[in-house]
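Here's the letter readout for the chains.
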Amino acid sequence: MTSQTSQTSTTATPAATQGSHMWVMTLEIPGRGMTTQYGTWTPPAGATRYDVFAALRGHIVAENPEMGSANCVFFSLEPNRL
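Let me sum up the structure you'll find in this document. Everything numeric here is computed off the predicted structure, so don't read it as measured data.

On a plain count of helices and strands, the protein chain comes out with one helix and four strands. Put simply, the protein chain runs from its N terminus to its C terminus through helices and strands in the order β-β-β-α-β. When burial is assessed residue by residue, the protein chain has 38% of its 82 residues classed as buried. Residue pairs at least 24 apart in sequence account for 70% of intrachain contacts in the protein chain once pairs closer than 6 positions are excluded.

Our next topic: the nonpolar core. Counting residues in hydrophobic clusters, the biggest one holds 13 residues, and the most contacted among them are Trp23, Met25, Leu27, Leu56 and Met67. Mapped by element, the contributors of at least two residues to this core are β2 (21-29), α1 (49-63) and β4 (71-79). Here Leu56 is in contact with Trp23, Met25, Trp41 and Phe75, once residues within four sequence places are set aside.

Remark: the centre distance and the inter-plane angle together describe each pair of aromatic rings, the angle taken between the planes. Counting across every chain of the model gives two aromatic pairs. Pairing Phe53 with Phe75 gives two aromatic rings, centres 5.1 Å apart and planes at 80°, and the pair type is edge-to-face. Here Phe53, found in helix α1, pairs with Phe75, found in strand β4; they are 22 residues apart in sequence, far enough to count as distant. By relative accessible area, Phe53 is classed as partly exposed at 22%. In textbook terms, an aromatic cluster arises when at least three aromatic residues are bridged by ring pairs, as seen for Tyr50, Phe53 and Phe75.

Conventions and cut-offs
- Residues numbered from 1 in each chain as written.
- Predicted model: local features only at pLDDT ≥ 70, side-chain atom pairs only at ≥ 80, totals over all residues.
- Heavy atoms only, no water.
- Helix = DSSP H or I, 4+ residues; strand = E, 2+ residues; numbered from the N terminus.
- Buried < 20%, exposed > 50% of the residue type's maximum accessible area, 1.4 Å probe, protein only.
- Contact = heavy atoms within 4.5 Å.
- Core = buried A, V, L, I, M, F, W, Y, C linked by side-chain atoms within 4.5 Å.
- Phe/Tyr/Trp six-rings, centres within 6.5 Å; stacked < 30°, edge-to-face > 60°.

Spelled out as structure tokens, the structure:
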């Protein structure tokens with residue numbers, strides 16, 4: 001079984017009025033592999049939580065095509081402020 005962790009920072013366009021968000025996502029193919037990635041994302045105006053989830057999952061799968069059929073076992077999206 002393999003495991004991978006990486007960090008990504010992306011900014012969506014056009015005008016991003018929702019502010020920066022910190023995200024973490026873990027995808028797993030049981031018994032075969034797992035990846036956890038995290039970073040910041042500034043979603044475009046009007047984007048929903050699902051829109052961000054789908055975009056981030058797509059980004060991870062583009063970098064790791066073997067995760068295309070993986071289960072999402074963890075997803076967190078929070079405003080990037082203290």
